[in-house]
Amino acid sequence: MKLIRNVTIAYTVFMAIALFVMLHFVGRYDASLSDVGSYSDAELEMYKAIWSDINKGVESSQHNLLLYCVVFWGVLLVIGYIFIAAVYIIQIKPIRDMESVATEIAKGNLDAILPMRRGNMLGGVTESFDLMREELKSAKEKELAAEHAKREMVAELSHDLKTPVATIQATCEVLEMKVGRKLSQLREELESLGEDETDEKLAAKTAEKKAEEEELNDLLEKAGYISSKSETINQLVQSVFKANLEDMDEIQVSPVETDSRVILGFFKELKDYGNILLENDIPECLVYLDTLRMSQVIDNIVGNAYKYAGTDVHVTFSEVNDLPGKNKKKNNYIKIKIKDDGPGVPEDELPLVIEKYYRGSDSKEKSGYGLGLYLVKWYMEKQGGGMEYYNDNGFVVELLVKKV
């Protein structure tokens, strides 16, 4: 654009100078009596008589010549401007458009389209450029889809690893408890040896007990090592899940029509979390849920009860009808009430437990990132349901699963 502006200014200046020169020379065209030569007095008197007529004719010719020159100059000026505009439109503007679109593409706007113009000398380049843009857009979409799939896979694997790791830790705790109890019994037996025993029998029994004690100590050490490593795995998994949680809006939640009885299976799979008491049967119907996300919801709630309350977990099912949803439309739901017998959540902390990364005062000695109830609420809303929580002789979480 700067080049065209400079060319236009130069051309205008040149034409202005040409006009000035032309007017100067045309203005000098004139006639005078000195041009008549040597004549007699009688001839001069007659010439003077007709001079005014001749002078008028000269002035008319000068005026016409000036008019023709100005018209010619004006036509030439307009033709020059038209030529400059044509050069800009046909030759330069396509390059400017390409530069502008390339800048938009560099900014990430792959929807910027380069216009195709007839007579464009860069027509082939323009077509190739647009093909390149389409390929870049397709590659970007594939990249975003792959990134989305990767984050979903990481989130799902994080959840899938959580349960077996918790099972390993619980098994190690049980094993350590049993081995510790057996070691205590063995030490008591070692202390009681010697009564009514010969020296040979005492030595043999002592050696046998010592070997058994050494074996139990080795087993206890290995169980502790496994527990320690499983906790490391748990921390790593939670760190990865926390990193991916920043893109929660990208994680797909796809509720479909499902038999409500699958929810019972989610509770029965969690036997490692202590006693889960199903107080009644779930109403048989079709509900909207994403089985993977619903299993995560129940795992998080029951896992929290096991971690913080350490009591039995009571589960009750009921039906709620004609409850207004977010769109004010009345829907029917299955209500799942999950209650522990623990001390509950302090009242001043109760409104905060569903906030991302919030951890209560009783969680300092417990591992975690404060994501459990946040995820529960997020997943339930994405499935068209809801979640409520409160204290009632323990901590209570109520889930609403939308019926078909």
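Okay, so let's go over this structure. (Residues numbered from 1 in each chain as written. Predicted model: local features only at pLDDT ≥ 70, side-chain atom pairs only at ≥ 80, totals over all residues. Heavy atoms only, no water.)

## Considerations on the side chain of Lys-403
Tracing the sequence through the fold places Lys-403 in the segment after strand 7 (395-402). Among residues more than four places away in sequence, those in contact with Lys-403 are Cys-285, Leu-286, Val-287, Tyr-288, Glu-319, Asn-321, Asn-332, Tyr-333 and Ile-334. (Helix = DSSP H or I, 4+ residues; strand = E, 2+ residues; numbered from the N terminus. Contact = heavy atoms within 4.5 Å.)

## Section: the sheet that holds strand 5 (residues 330-340)
Remark on secondary structure: sheet strands pair via backbone hydrogen bonds, oriented parallel or antiparallel. Spatially, five strands are ordered 2-4-5-7-6 in an open sheet, and the strand pairing comes out mixed. The outermost strands of the open sheet, each flanked by one partner alone, are strand 2 (276-278) and strand 6 (386-391). If you compare each strand with its neighbour and ignore which way they point, the axes differ by 30° on average. Seen against the sheet, helix 6 (residues 291-309) touches strand 2, strand 4 (313-324), strand 5 and strand 7 and runs at an angle of roughly 175° to strand 7. (Pairing = 2+ DSSP bridges. Axes fitted to C-alpha atoms, helices over the stretch in contact; angles between N-to-C directions.)

## Looking at the packing of helix 6 against helix 7 (residues 372-382)
A packed helix pair is summarised by two numbers, namely the angle formed by the two axes and the spacing between the axes. Axis separation between helix 6 and helix 7 bottoms out at 9 Å; the angle between their running directions is 150°. Between helix 6 and helix 7, the interaxial angle falls into the category roughly antiparallel. For the crossing formed where helix 6 meets helix 7, the hand is left-handed. Across the interface between the two elements, Arg-293, Met-294, Gln-296, Val-297, Asn-300, Ile-301 and Asn-304 of helix 6 pack against Gly-372, Leu-373, Leu-375, Val-376, Tyr-379 and Met-380 of helix 7. (Parallel < 35°, antiparallel > 145°, perpendicular 65-115°, else oblique. Left-handed = near helix turned anticlockwise from the far one by under 90°.)

## Section: the environment of Val-376
By secondary structure assignment, the location of Val-376 is in helix 7. A C-alpha to C-alpha distance of 8.8 Å links Val-376 and Arg-293, two positions 83 residues apart in sequence. Those residues within four positions of Val-376 in sequence are excluded, and the remaining contacts are Val-297, Asn-300, Ile-301, Met-387 and Leu-399.

## What about the pattern of salt bridges?
Summed over the entire model, instances satisfying the criterion amount to eight salt bridges. For Lys-403, the salt bridge goes to Glu-319, with nearest N and O atoms at 2.6 Å. Note that Lys-403 is positioned in the segment after strand 7 and Glu-319 in strand 4, a separation of 84 residues in sequence. Assessed through its relative accessible area of 17%, Lys-403 is described here as buried. Judged by its relative accessible area of 44%, Glu-319 is partly exposed. Here Glu-381 makes a salt bridge to Lys-377, at a shortest N to O gap of 2.6 Å. Remark: Lys-377 and Glu-381 occur in helix 7; sequence separation between them is four residues, near one turn of the helix. (Salt bridge = Lys/Arg side-chain N within 4 Å of Asp/Glu carboxyl O. Buried < 20%, exposed > 50% of the residue type's maximum accessible area, 1.4 Å probe, protein only.)

## With respect to the packing of aromatic side chains
Both the distance between ring centres and the angle between the ring planes are used here to describe each pair of aromatic rings. According to the stated counting rule, one finds five aromatic pairs in the structure shown. Each ring, one from Tyr-273 and one from Tyr-306, has its centre 5.5 Å from the other, and the planes form 35°; the classification is tilted. Taken as a pair, Tyr-273 in the loop between helix 5 (262-268) and strand 2 and Tyr-306 in helix 6 lie far apart in primary sequence, 33 residues in all. In this structure Tyr-273 comes out as buried when scored by relative accessible area, which is 10%. (Phe/Tyr/Trp six-rings, centres within 6.5 Å; stacked < 30°, edge-to-face > 60°.)

## Examining helix 7
In terms of burial, helix 7 is a largely internal element, eight of the 11 residues being buried. Buried residues of helix 7: Gly-372, Leu-373, Tyr-374, Leu-375, Val-376, Trp-378, Tyr-379 and Met-380, and no others. Positive backbone phi, approximately 85°, marks Gly-384, located one or two places after helix 7.

## Focus on a nonpolar patch on the surface
Taken together, the side chains of Ile-9, Val-13, Ile-17, Phe-20, Val-21 and Phe-25 present a nonpolar region at the surface, about 610 Å² in accessible area. Within the secondary structure, Val-21 is located in helix 1 (residues 2-27). (Patch = residues over 30% accessible without salt bridge, like charges linked within 9 Å, V, L, I, M, F, W, Y side chains within 5 Å. Areas by Shrake-Rupley, 256 points an atom, 1.4 Å probe, with all protein chains shown as cover.)

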